[in-house]
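Listed below, chain by chain, are the residues.
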Amino acid sequence: MSHLLASNVRDFWRDDALPMLRKFVTIPCVSPAFDGDWQSTGFLMDAVRLVEHWSRTRGIGNVATHIASDEGRTPALLITVPGSGAGNVLFYGHLDKQPAGEDWDDGFEPWRPVVRDDRLYGRGSADDGYAVCAALGAIAALRRSGLHHPTCTILLECGEESGSPDLEFYLDHFTESLGKPDLVMVLDSDAGNYDQMWMTSSLRGVVVGTLSVRVLNHGIHAGDGGGIVPSAFRIARHLLERIENSETGEIADFLAAPIPAHRVREAREAAPALAGGFVGKYPLAGNTKPMTDDVETLLVNNTWRPCVSVVGADGLPALRDAGSTHLPLTALKLSVRIPPTLDPEEAAKRLKDELERDVPNNATVSFTTEIAAPGWNAPEHPAWLRRSIKDASLAFFGRPPQSIGTGGTIPLLALLGTRYPEAAFVVTGILGPKSNAHAPNEFLHLGAVQKLTGCVATVLKDAA
């Protein structure tokens, strides 16, 4: 039966999914955080309408669709497929995209689909246009194979890349239609390689804020002020040292949390599967070395330990514009990733307290929080689901599944976990090495996504 199921999955991707995804790539439906004119351009709604029409015309059966577009909110699409077996499954995906970005290789463009070497290149192909294709493809393949599936509801939002500001509203809006899911499947996550099914077991939280240091009301001649007026940049460096050791990279204890033993064991088990290309997926410049050569430690660092990134700056002129001026202000935007179990609001408060206390030279300093988003630690899978995932990965990939945490943040998972505390969660994805979801040359690995679709179908069959 797995052979027939795999054949039906391949047919769906060739005849149904790939043609639609090609059209989807051409739509510049950039997330609202990066497109202030999203309402007037209508690209988000164009993407919703494309997927809505496509989902109704796949010949799957009694598919119901509902487009919701409350005034001032990003649109959302709900697709419901009644089941032939027991259970209620909620799928999640999103249709908004990251900006086009620069430095795409010759022959590739963000809004032009290109298939090369079993990969579909183009913005949104892997993040996250494939999700609805994998969900409906799994359902279609089961039906064509004469197998049962639960009632499936697919919720597609258009604000994930902006932090999902409207998701809670639409969860309320669709409460009756969503019902009480037994299983939530989120198809928007990472894969350590393209050789097996990867489960996401945790995500870090994040605090984003701006550290501002002002020492003058306006700039003055550097020769006139140097040695008299303190340097705003030096003071900013001093304050950052309180949360990150510049020599070792160690982060302040108040941003850490206990790491569960089974998560450390999980990293140890996943490390051999990643050893060959884990560090290689990062475009390290020159002779730059990672924090350590030990893959297990890198995995734990990336998933359960905090880190601080300076992601933007004000007050520092571009090199071509830099004169001999003692600068009045240094402002640094910080992105602080925190462990999955740490309270982001408390972390933001501690950061503010630490950065604003006992300021050198009594400079004017502030730390203003913009985002404080929680992480997520997956609940344990029930026995039937563990068996199903293992069987699925072996059947379609020929290798057992692996679980790892993810260093990024998906705030919606904490929201879904709170909303459906009794549901089992399968968080998986196809964002493998060099898939470049937020970078140039984004691609969807077509061979791997077909195998993942077969895995999703297997889990649905077992859930029914």
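For every chain, the first residue of its written sequence is number 1, and the numbers climb from 1 along that sequence. In view of the model being predicted, local features appear only for residues whose pLDDT reaches at least 70, and side-chain atom pairs are presented and counted only at 80 or more, with totals across whole chains, interfaces and linings using the full set of residues. To get the side-chain values, take all heavy atoms of the structure and skip hydrogens and water.

1. Some words on the sheet that holds strand β11 (residues 307–314)
In a beta sheet, neighbouring strands pair by backbone hydrogen bonds and run either parallel or antiparallel. Note: two strands are recorded as paired if DSSP finds a minimum of 2 bridges between them. Numbering of helices and strands runs from the N terminus, with a helix taken as a DSSP run of H or I at least four residues long and a strand as a DSSP run of E at least two residues long. Pairing is antiparallel in the open sheet, where four strands are placed in the order β11-β13-β9-β14. At either margin of the open sheet sits one strand with a lone partner, and together these are β11 and β14 (364–373). Between one strand axis and the next, the sheet turns through 20 degrees on average, direction left out of account. Looking at chain direction, strand β9 (residues 205–214) and β14 are connected through nine bridges and run antiparallel. Its bridge partner lying in β14, Val206 is registered against Ala373. Here, two residues are considered to be in contact whenever any of their heavy atoms come within 4.5 Å of each other. Simply put, an axis is a line fit to the C-alpha atoms, just over the touching stretch for a helix, and the angle between two N-to-C directions goes from 0 to 180 degrees. The strands touched by helix α11 (residues 344–356) within the sheet are β9, β13 (329–338) and β14, with β14 carrying the most contacts at an inclination of about 170 degrees.

2. Comments concerning the packing of helix α1 (residues 2–25) against helix α3 (residues 43–56)
Remark: α1 packs on α3, axes separated minimally by 10 Å, with the N-to-C direction vectors making an angle of 165 degrees. The angle between α1 and α3 places the two elements in the roughly antiparallel class. Once α1 is placed against α3, the crossing between them reads as right-handed. Facing α1, whose interface residues are Phe12, Asp16, Ala17, Met20, Lys23 and Phe24, α3 presents Ala47, Leu50, Val51 and Trp54. Residue polarity is assigned by list, with Asp, Glu, Lys and Arg as charged and Ala, Val, Leu, Ile, Met, Phe, Trp, Tyr, Cys and Pro as nonpolar; anything else, Gly included, falls into the polar class. Looking at the contact of α1 with α3 residue by residue, the classes come out as eight nonpolar, no polar and two charged. An angle below 35 degrees is read as roughly parallel, one above 145 as roughly antiparallel, one from 65 to 115 as roughly perpendicular, and any other as oblique. By definition, any crossing whose near helix is turned counterclockwise from its far helix by less than a right angle is left-handed, and any crossing with a clockwise turn is right-handed.

3. Focus: the packing of α1 against helix α4 (residues 125–144)
Packing of α1 against α4 brings their axes to within 9 Å, and their N-to-C directions diverge by 145 degrees. The two elements α1 and α4 cross, and the hand of that crossing is right-handed. Across from Leu5, Asn8, Val9, Phe12, Trp13, Asp16, Ala17, Met20, Leu21, Phe24 and Val25 in α1, the residues of α4 making contact are Ser125, Gly129, Tyr130, Val132, Cys133, Ala134, Leu136, Gly137, Ala140, Ala141, Leu142 and Arg144. Residues that form the contact of α1 with α4 fall into these classes: 17 nonpolar, four polar and two charged.

4. Some thoughts on a negative patch on the surface
To count toward a patch, a residue needs a relative accessible area above 30% and no salt bridge. Like charges then connect within 9 Å, nonpolar side chains (Val, Leu, Ile, Met, Phe, Trp, Tyr) within 5 Å. All accessibility values rest on the Shrake-Rupley procedure with a 1.4 Å probe; residue burial counts only the protein chains present in the view. One speaks of a salt bridge when a side-chain nitrogen belonging to Lys or Arg is within 4 Å of a carboxyl oxygen belonging to Asp or Glu. When charges are counted, Lys and Arg contribute as positive and Asp and Glu as negative, whereas His and the chain ends are disregarded. The location of each charge is read from NZ of Lys, CZ of Arg, CG of Asp or CD of Glu. Among the surface-exposed residues, Glu102, Asp103, Asp105 and Asp106 lie close enough to one another that they form a single negatively charged patch. The topology assignment puts Asp103 in the loop between β3 (88–94) and β4 (114–116). Buried residues are those whose accessible area, probed at 1.4 Å on protein chains only, stays under 20% of the maximum for their type, while exposed residues exceed 50% and partly exposed ones sit between those limits. We classify Asp103 as exposed; its relative accessible area is 68%.

5. Here we look at the packing of aromatic side chains
Stacked, edge-to-face and tilted labels apply to pairs of Phe, Tyr and Trp rings (six-membered ring for Trp) whose centres lie within 6.5 Å, assigned for plane angles under 30 degrees, over 60, and everything in between, in that order. Summed over the entire model, instances satisfying the criterion amount to eight aromatic pairs. Each ring, one from Phe278 and one from Tyr282, has its centre 6.1 Å from the other, and the planes form 85 degrees; the classification is edge-to-face. Judged by relative accessible area, which is 9%, Phe278 ranks as buried. Given the relative accessible area of 39%, Tyr282 is considered partly exposed. Ring centres 5.9 Å apart and planes at 55 degrees place the aromatic pair Trp376 and Phe425 in the tilted group. You can see Trp376 sitting in strand β15 (residues 376–377) and its partner Phe425 sitting in strand β17 (residues 424–428), a full 49 residues away along the chain. Note on Trp376: relative accessible area 6%, which makes it buried. Residue class for Phe425 comes out buried when judged on its relative accessible area of 4%. Taken together, Phe108, Tyr121, Tyr194 and Phe443 form an aromatic cluster joined through their ring pairs. For Arg73, the ring lying beneath its charged end belongs to Phe169, and the centroid distance is 4.0 Å. The side chain of Lys97 reaches across the aromatic face of Phe24, ending 4.3 Å from its centre. Look at NZ for Lys and CZ for Arg. If either is within 6 Å of the ring centre and within 35 degrees of the ring normal, a charge sits over the ring.

6. Structural notes on the nonpolar core
Put simply, buried Ala, Val, Leu, Ile, Met, Phe, Trp, Tyr and Cys residues joined by side-chain atoms within 4.5 Å make one nonpolar core. Ranked by internal contacts, the top residues of the largest apolar core, which has 78 residues, are Phe91, Tyr130, Val132, Leu444 and Leu460. For this core, the element with the highest residue contribution is α4, accounting for 13 residues. If you look at the next biggest cluster of nonpolar residues, it comprises 28 residues, including Phe254, Leu332, Leu334 and Val365.

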